[in-house]
Amino acid sequence: MPVNFENNQIVSPGELLAEGDYLSGEGSFKEDNKIYSSILGLAVLKGKIISVIPLQGPYYPKVGDIVIGKVLNSSPAGMRVDINSLYSAAIFPSSMNEKGPRSREKFVQFDVGENLIAKIISFDRTHDPILTIDEVGLGKLVGGRIIKIHPTKVPRVIGKKGSMIKLLKEELTDKIKIGQNGIVWFSTNSDAIEDILVAVLRKIEREAHTSGLTDRVKETIKKLKEERLNVIRRENT
Amino acid sequence: MLFEEKIPEKLIRNDGLRLDGRKIDELRPIKFEVGVLSQADGSAYVEQGRNKIIAAVYGPRELHPKHLALQDRALLRCLYRMATFSVSERKSPAPSRREAELSTIITQALQPAIFLEYYPRTSIDVYIEIIEADGGTRCASINAASLALADAGIPLRDLVAACAVGKADGQIILDLNDLEDKYGEADMPMAMLYRRGDVTLLQMDGQFTIDEFNKALELGKTGISKIYQLQKETLRNKYLSIRDEVADESEVRIEISKEVEEDE
């Protein structure tokens, strides 16, 4: 049976995508054996599953995701963390790997306002997400700078098989961490690189639904770097 | 009042057109725009005739105070507010009975369209600000709010489109303006999930015979279908325009690289 769209076509809510023997994936729903889009996004057919990739929208927590958050409230019993989502997350002493009577003693309390990178270990409709920082690469984030991008655009910042993030790490800074919730943390040793990185992230965010993005970003970085160099040269002469 | 409003003797002129020059089944000129506010999760600006409306959507987000939260779905809250300068005589900034009523009916008109059950214990807040009012603001507000919801990436069963029908000088007319609303014989705002044919808002002020009512309902549907198409286009264009812009850029680049090759 034919579908009602071309791959990567922009569709709006309530648009008929296909009729008959298909399954509805993310961003679509089934009604009377017909598949409709429920959000504004790019329609994609994979096998028999039709889904719509969102262009806007909140971060919906998923077990196993790495997220970056900010401590809202801290006590020996646990911490509440803002993870830029529709629910705030919690970290408990019991979510540490260390079990037994000593786990409570090992729990390190962060101060309110401190940033951390953590993994979601439990979440469903009935309770808020629970985080852990008891893994390699997770924990407090010290120094650096944090910017927010749309959570729906995180996959483009990472790129196909990590191509985009590899490019950013090679060209700009290797101290960069991206949370699935759309918060990017990075640390550089020069303001110029930092400014370029922010500009590049904004560009990726704006043009997330277009093709050939990695190449264009590569060129933009080159251009911005040259511009910076020219400024420095002019100041020196 | 600064300018004394003249009560028109006739709402439909001798040549069969209305006072503002429209045909009886013609909509006012409409302008939709989405993503107008940078701080909101979704937003829309609507001009329908002389109506000017901004709608902003925040959410789904954590609900405070917590005791309002629903355990199985999100709570939809709409606030309709008129700016003090939106009407010819200054409107008091205090919330009026009318504003509270419209907030409620707009909430009820939008609610069936949203997949609220996807986001339990949260709230979706819609703020509608009337900058300038010229009749039919509740319909234009619903159009704006529905666009803003889609712009915020909230899952919808369908877009909600709304339009008013009424009666003036014995004729059924579409999309009433302020004068026709005030001095006409009937006014019936309606909102629909157009694809499904579900009517989510139907109010009536004045009198219709049963025949006239059925005729008005049909005319309303044709008006709503036009608005619905325009809403869809507006949403798609927001992203298509960026896509085209990028495509233009890459074309320019290809041309440059060709020139370089020729030079060599």
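Here the structure is a predicted model, which is why all the values come from computation and not from measurement. (Residues numbered from 1 in each chain as written. Chains lettered and ligands numbered in written order. Predicted model: local features only at pLDDT ≥ 70, side-chain atom pairs only at ≥ 80, totals over all residues.)

**Student:** Describe in detail the environment of Asn181 of chain A, supporting the description with residues and values.
**Tutor:** All names here are of chain A. Assignment of secondary structure puts Asn181 in the loop between β15 (176–178) and β16 (183–186). Take Asn181: there are 25 C-beta atoms within 10 Å of it, and that puts it in the buried class. Counting along the chain gives 37 residues from Asn181 to Lys218, while the straight-line C-alpha distance between them is 25 Å. Setting aside its immediate chain neighbours within four residues, Asn181 contacts Tyr59, Val67, Ile68, Ile83, Asn84, Ser85 and Pro151. (Helix = DSSP H or I, 4+ residues; strand = E, 2+ residues; numbered from the N terminus. Buried ≥ 20, exposed ≤ 12 C-beta atoms within 10 Å, placed from the backbone. Contact = placed C-beta atoms within 7 Å.)

**Student:** Please provide a residue-by-residue account of helix α1 (residues 97–110) of chain B, values included.
**Tutor:** All names here are of chain B. With 14 residues, α1 extends 20 Å from end C-alpha to end C-alpha; this agrees with the ideal 20 Å at 1.5 Å per step. Every buried residue of α1 is listed here: Leu102, Ser103, Ile106, Ala109 and Leu110. One side of α1 holds all its buried residues, which, seen down the axis, span an arc of 130°. Facing away from the buried side of α1 by more than 90 degrees, the exposed set consists of Arg97, Ala100 and Thr104. Elements that come into contact with the buried residues of α1 comprise β4 (75–82), β5 (122–132), α2 (137–151), β6 (160–168), β8 (186–193) and β9 (198–202). (Expected span 1.5 Å × (residues − 1). Arc of directions from axis to C-beta.)

**Student:** Describe the domain arrangement of chain A, and please don't skip the residues or the numbers.
**Tutor:** When cut into domains, chain A gives domain 1 (9–54), domain 2 (66–141) and domain 3 (145–235). A C-alpha centroid distance of 32 Å is found between domain 1 of chain A and domain 3 of chain A. (Domains from an automatic or database assignment.)

**Student:** Describe the nonpolar core, listing the residues and the values that go with them.
**Tutor:** Residues and elements named next belong to chain B. Grouped together as the largest cluster of nonpolar side chains are 116 residues, with contacts concentrated most on Ala55, Leu110, Ala145, Ala148 and Ala161. Sorting elements by how many residues they give to this core places α2 first, with nine residues. Non-local contacts of Ala145, meaning those with residues more than four positions away in its chain, are made with Ala55, Cys78, Ile106, Leu110, Val126 and Ile128. (Core = buried A, V, L, I, M, F, W, Y, C linked by C-beta atoms within 7 Å.)

**Student:** I'd like a description of helix α4 (residues 191–206) of chain A, backed by residues and values.
**Tutor:** Residue and element names in this part refer to chain A. With 16 residues, α4 extends 23 Å from end C-alpha to end C-alpha; this agrees with the ideal 22 Å at 1.5 Å per step. Buried within α4 are the following residues: Ile196, Leu197, Val200, Leu201 and Ile204. Angular distribution of buried residues about the axis of α4 spans 135°; they occupy a single face of the element. Counted as exposed and oriented over 90 degrees from the buried face of α4: Asp191, Ala199 and Arg202. In this fold, the buried residues of α4 make contact with β14 (145–148), α2 (154–158), α3 (163–171), β16 and α5 (213–236).

**Student:** Outline the packing of α4 of chain A against α5 of chain A, supporting the account with residue identities and numerical values.
**Tutor:** Residue and element names in this part refer to chain A. Where α4 contacts α5, the two axes come as close as 10 Å, and the packing angle between them is 150°. As the angle between them shows, α4 and α5 are arranged roughly antiparallel. Considering how the two elements wind past one another, α4 and α5 form a crossing that is right-handed. Note on element contacts: α5 touches α4 through Leu213, Val217, Thr220, Ile221, Leu224, Lys225 and Arg228, opposite Ala192, Ile196, Ala199, Val200, Lys203 and Ile204. (Axes fitted to C-alpha atoms, helices over the stretch in contact; angles between N-to-C directions. Parallel < 35°, antiparallel > 145°, perpendicular 65-115°, else oblique. Left-handed = near helix turned anticlockwise from the far one by under 90°.)

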